[in-house]
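Examining the three-dimensional arrangement
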Amino acid sequence: MPHAGLKTIIALSFVLAIGFLLVILSSALYGQYSPLLVVATYLFAPLPNAICSRYASSYNDDFMDSGSSASGVLDLGRFLTGFLVTMGIALPAVLAHADVIQWGAMAMSIIGGLLIYGTIIAFTMFFQEESDF
Amino acid sequence: MSSRLFRFPLPSATALRTFGVYSSGGLFALGIWFFLDAAIVSKYANASLIHVRFVDWIPSICSILGMIVINSIEKARLSAESFSFSGSNDAWKARLVLFLGFALMAGGLAGSVCVLVLKYVVPGYEFPTLYFGVANVVANSLIMLSTVVLWVSQNFEDEYNYNLAL
């Protein structure tokens with residue numbers, strides 16, 4: 001793990017702000033606010049993974065039944081996370097294809113959403129040491 | 001790891017397995033959204049009088065049910081030589097349920113091709129309308145691919161554990 005300092009926090013918050021700016025611009029410039037759903041998708045994306053890994057770790061605490069049930073729960077969390085991340089890209093594309101939003105709005109919301117999700121991932125990567133246990 | 005076979009580092013089994021499960025979820029989402037795209041385009045930006053009706057939904061519902069059934073089975077139950085506490089071996093139950101799952105999934109794929117041919121190709125529709133049928137087939141294929149990827153990557157882990165145990 002690289003050392004996480006103040007500069008990392010500042011850079012990450014800048015990237016997060018740019019991501020939110022892009023998503024809000026993609027909605028507000030065209031007066032059609034459905035691309036904001038992308039933000040909700042990406043905010044929910046790490047959630048199943050976190051819940052399932054916590055559940056699996058509590059499941060394995062008693063060494064009675066460390067079978068494949070816990071790994072099944074972990075897999076469910078990963079599956080849902082992969083589902084939500086892909087949904088964040090697919091949702092603006094579907095909206096643009098159905099002429100609900102413009103193609104420019106689609107590009108901006110996809111890029112903004114990826115920036116937001118990248119920030120979340122980078123933040124958990126940098127600060128996992130302190131928050132774990 | 002000093003004694004590895006290739007000069008470049010290969011990813012470990014657990015990393016491959018994690019990546020497989022993530023990409024399976026991604027493929028599943030791609031399939032679902034291909035179909036939802038057809039449905040939403042049919043509602044909002046339709047060029048013709050042909051719409052996506054409940055008939056188009058049936059193959060995808062079958063595929064998703066089949067995927068749930070297939071991946072809910074405990075893989076250890078499938079092998080006949082596995083030791084069972086309850087006297088007779090229960091492998092046939094797992095195999096029956098697995099067969100049902102595969103039948104649902106294959107039925108979904110075949111049904112999507114059936115819908116494509118009977119509803120869109122035989123009446124001779126052109127491409128913006130034909131897309132509804134094509135997207136249906138693509139969606140069902142992607143759900144099937146996602147199931148295969150999930151199945152294979154879950155069997156990776158068993159092998160890994162087996163190697164650890166020995």
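Residues numbered from 1 in each chain as written. Chains lettered and ligands numbered in written order. Predicted model: local features only at pLDDT ≥ 70, side-chain atom pairs only at ≥ 80, totals over all residues. Heavy atoms only, no water.

**Quick look at the overall build of chain A**
A count of helices and strands for chain A gives 6 helices and 0 strands. Of the regular secondary structure in chain A, the N- to C-terminal order runs α-α-α-α-α-α. In chain A, of all internal contacts separated by at least 6 residues, the share reaching a separation of at least 24 is 71%. For chain A, the accessible area works out to roughly 7,600 Å², and carbon and sulfur atoms hold 72% of it. (Helix = DSSP H or I, 4+ residues; strand = E, 2+ residues; numbered from the N terminus. Contact = heavy atoms within 4.5 Å. Areas by Shrake-Rupley, 256 points an atom, 1.4 Å probe, with all protein chains shown as cover.)

**So, the pattern of salt bridges**
Under the defined criterion, the tally for this structure stands at 3 salt bridges over all chains. In this structure, A:D75 engages B:R17 in a salt bridge whose closest nitrogen and oxygen atoms are separated by 2.7 Å. Here A:D75, found in helix 4 (residues 69–97), pairs with B:R17, found in helix 1 (residues 13–44), and the two come from separate chains. The pair A:D75 / B:R17 is uniform in exposure class, with both members buried. Here B:D56 makes a salt bridge to B:K119, at a shortest N to O gap of 2.7 Å. A residue pair is termed long-range when its members are at least 10 positions apart, and B:D56 in helix 2 (residues 54–72) and B:K119 in helix 3 (residues 91–121) qualify at 63 residues. We classify B:K119 as partly exposed; its relative accessible area is 22%. Counted as one network, the salt bridges with shared partners bring together A:D75, A:R78 and B:R17. (Salt bridge = Lys/Arg side-chain N within 4 Å of Asp/Glu carboxyl O. Buried < 20%, exposed > 50% of the residue type's maximum accessible area, 1.4 Å probe, protein only.)

**Here we look at the interface of chain B and chain A**
Chain B puts 24 residues into the contact, and the matching count from chain A is 18 residues. Where chain B abuts chain A, roughly 1,800 Å² becomes buried across the two surfaces, and 69% of that area is made up of carbon and sulfur atoms. Interface area lost by chain B to chain A is led by B:V21, B:Y22 and B:W33, which between them contribute 33%. On inspection of chain B and its partner chain A, the count reaches 1 salt bridge. Secondary-structure elements contributing two or more residues to the side of chain B that touches chain A are helix 1 and helix 4 (127–165) of chain B. The greatest single-element share of the side of chain B that touches chain A, amounting to 16 residues, is contributed by helix 1 of chain B. Among the residues forming the side of chain B that touches chain A, the class breakdown is 14 nonpolar, 6 polar and 4 charged. (Buried area = accessible area lost by both parts, 1.4 Å probe. Nonpolar A, V, L, I, M, F, W, Y, C, P; charged D, E, K, R; others polar.)

**Some words on the UniProt feature "transmembrane region" (unreviewed entry) in chain B**
Here, the residues flagged by UniProt with the feature "transmembrane region" (unreviewed entry) are residues 21–42, 54–73, 94–118 and 130–152 of chain B. Here residues 54–73 of chain B runs as 95% helix and 0% strand, with 29 Å between its end C-alpha atoms. (UniProt positions renumbered as here; feature names shortened; annotations may be inferred.)

**Concerning the UniProt feature "transmembrane region" (unreviewed entry) in chain A**
All names here are of chain A. In this structure's numbering, the residues bearing the UniProt feature "transmembrane region" (unreviewed entry) are residues 6–29, 36–56, 76–96 and 103–127. In the segment residues 36–56, helix accounts for 90% and strand for 0%; the C-alpha atoms at its two ends are 32 Å apart. Across residues 103–127, helical content stands at 96% and strand content at 0%; the span's end C-alpha atoms are separated by 36 Å.

**Observations regarding the packing of helix 1 (residues 6–28) of chain A against helix 5 (residues 103–126) of chain A**
Residues and elements named next belong to chain A. At a closest axis distance of 7 Å, the pairing of helix 1 and helix 5 adopts a crossing angle of 155°. As judged from the angle between their axes, helix 1 and helix 5 are roughly antiparallel. The chirality of how helix 1 crosses helix 5 is left-handed. Residues T8, L12, V15, L16, I18, G19, F20, L22, V23, L25 and S26 of helix 1 touch helix 5, and the partners they reach there are A105, M108, S109, I111, G112, G113, L115, I116, T119, A122, F123 and F126. Classifying every residue of the contact of helix 1 with helix 5 by side-chain character gives 16 nonpolar, 7 polar and no charged. (Axes fitted to C-alpha atoms, helices over the stretch in contact; angles between N-to-C directions. Parallel < 35°, antiparallel > 145°, perpendicular 65-115°, else oblique. Left-handed = near helix turned anticlockwise from the far one by under 90°.)

**Comments concerning a nonpolar patch on the surface**
Taken together, the side chains of B:F54, B:W57, B:I58, B:I61, B:L65 and B:I68 make up a nonpolar region of the molecular surface, amounting to roughly 560 Å² of accessible area. Its relative accessible area of 49% is what places B:I68 among the partly exposed residues. (Patch = residues over 30% accessible without salt bridge, like charges linked within 9 Å, V, L, I, M, F, W, Y side chains within 5 Å.)

**A look at unusual backbone geometry**
Even without a glycine there, the phi angle at A:D99 is positive, about 60°. For A:D99, a relative accessible area of 60% translates into the label exposed.

**Notes on the nonpolar core**
The nonpolar side chains of soluble globular proteins are, as a tendency, buried together. Ranked by internal contacts, the top residues of the largest apolar core, which has 26 residues, are A:F79, A:F83, B:F28, B:W33 and B:M67. Elements with a contribution of two residues or more to this core: helix 2 (37–44) and helix 4 of chain A together with helix 1, helix 2, helix 3 and helix 4 of chain B. By residue number, the principal contributor to this core is helix 4 of chain A, which donates 8 residues. When neighbours within four sequence positions are excluded, A:F79 is seen to be in contact with B:V21, B:S24, B:G25, B:F28, B:M67, B:S146 and B:L150. In this structure, B:A38, B:L130, B:F132 and B:A135 belong to the second largest nonpolar core, which totals 16 residues. (Core = buried A, V, L, I, M, F, W, Y, C linked by side-chain atoms within 4.5 Å.)

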